[in-house]
Amino acid sequence: MNRNGAFFIEQLRRELGGGYRDSGYLWIVFQALLLLAVYSFVFTRIFQARVPPGLEVGFVAYLAVAWWPWSALSEGISRNVQVIAEHRGLISKVAVRRELLVASRLMAIFIVQAVSFMAVLAVLDWRYGAIHWFGLLPLALLAMATLPAWYGAALLVAAGTVFIRDLKHLVPPLLLLAFFATPIVWSPAMLPDQWRLVADYNPLAGWVGGLREALLAGTWPALRLYVSAVAASLALAAVGRFVFNRLAPYFEDYL
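Quick summary incoming for the structure in this document. All values derive from a computational prediction rather than experimental measurement.

**Remarks on helix 11 (residues 223-247)**
With 25 residues, helix 11 extends 36 Å between its outermost C-alpha atoms, agreeing within 8% with the 36 Å of an ideal straight helix rising 1.5 Å per residue. Those residues of helix 11 not exposed but buried are Leu225, Tyr226, Ala229, Ser233, Ala237, Gly240 and Phe244. Lining the buried residues of helix 11 we find helix 4 (83-86), helix 6 (99-128), helix 7 (136-163), helix 10 (203-217) and helix 12 (251-254).

So, in C-alpha cells, the structure goes:
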C-alpha cells in the first residue's frame, strides 16, 4: 500500500474512533431509532401527515426512507466545512494528498449512517412490513452513482472555508433550504402547478423518488435516473477536485 492509501486508512480509523467511540456505536443505532419514534409521533399524530395517493405505506416509512440518506449527505458536507482548519498542524508536516482528509471523514460518516439506516429499515419492516429488501440493490447502485457528487461538494466547502471563513455560517442554512426544496417531508403531488418546477428541476427530487421506488414500491428506478446521477456526480466531483487542488497549495498561508 502506498503512502496515500495508508494515510487514508489511518484517517478513516481516526474518524471512526474519535468521532463515535466516546458515545458508543450502539448509541448511534439507538439514536436513529429514537428519532424514528419522534418523527412517527410528530408527523402522524400532530401534523396528521399522509402519503401520496397510490402508495400503500405509512407516512413514517415514507419519511424515514428518504430522511436518513439525506441526513448522511448533509452531515458529510457540514462536518467537512472546517476539516482543513482542524488539521492545520498535520498538513504543514505531512506531504500527502489533502483531499484525503475530506474523503476519510465523508466515508466514516457514510459507514456509521449506513448502520443506523439498516436499523431503521429493520424496524420499519418489523413494525409496518413496508420494506422491499430487494430494493437495497438498486439503492446501493444509486448511492454509488451519487457519492462522487457529495464528495465534490464537500471538497468545495472544505477549500472555500479556508479562504472565506464566514462560509461555515452559510452552509447550514443552504443545506436547510435544500432540504425543504426536496420532497422528503412532502410529495411533489402536494405542490400547486405553478410550484411544480421546484420538483421538476431539483436533481435531488429524482434521487429521493428513486429511493422510495426501490425500498417502498419494490421497483427498479428508471435507467435515466442512474444516467443523470452519474453524469451530474462526475461533473460536480471534477469541479470539486479541480478547485480544491488549485487552492490546496495556499492553505497554509491562510490557516
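**A look at the pattern of salt bridges**
Taken as a whole and judged by the stated rule, the model has 9 salt bridges. A salt bridge links Glu10 to Arg14; the nearest nitrogen and oxygen atoms lie 3.1 Å apart. Of this pair, Glu10 and Arg14 are both found in helix 1 (residues 3-20), 4 residues apart, which corresponds to roughly one turn of the helix. Glu10 gets classed as partly exposed once you look at its relative accessible area, which sits at 29%. Between Glu252 and Arg98 there is a salt bridge; the shortest N-O distance is 2.9 Å. Residue Glu252 is located in helix 12, and its partner Arg98 is located in the loop between helix 5 (88-91) and helix 6; the two are separated by 154 residues in the primary sequence. Glu252 sits in the partly exposed class, given a relative accessible area of 42%. For Arg98, a relative accessible area of 17% translates into the label buried. Several salt bridges share partner residues, and in doing so they unite Glu15, Glu75, Arg79, Glu86 and Arg105 into one network.

Calculation criteria
Residues numbered from 1 in each chain as written. Predicted model: local features only at pLDDT ≥ 70, side-chain atom pairs only at ≥ 80, totals over all residues. Heavy atoms only, no water. Helix = DSSP H or I, 4+ residues; strand = E, 2+ residues; numbered from the N terminus. Expected span 1.5 Å × (residues − 1). Buried < 20%, exposed > 50% of the residue type's maximum accessible area, 1.4 Å probe, protein only. Contact = heavy atoms within 4.5 Å. Salt bridge = Lys/Arg side-chain N within 4 Å of Asp/Glu carboxyl O.

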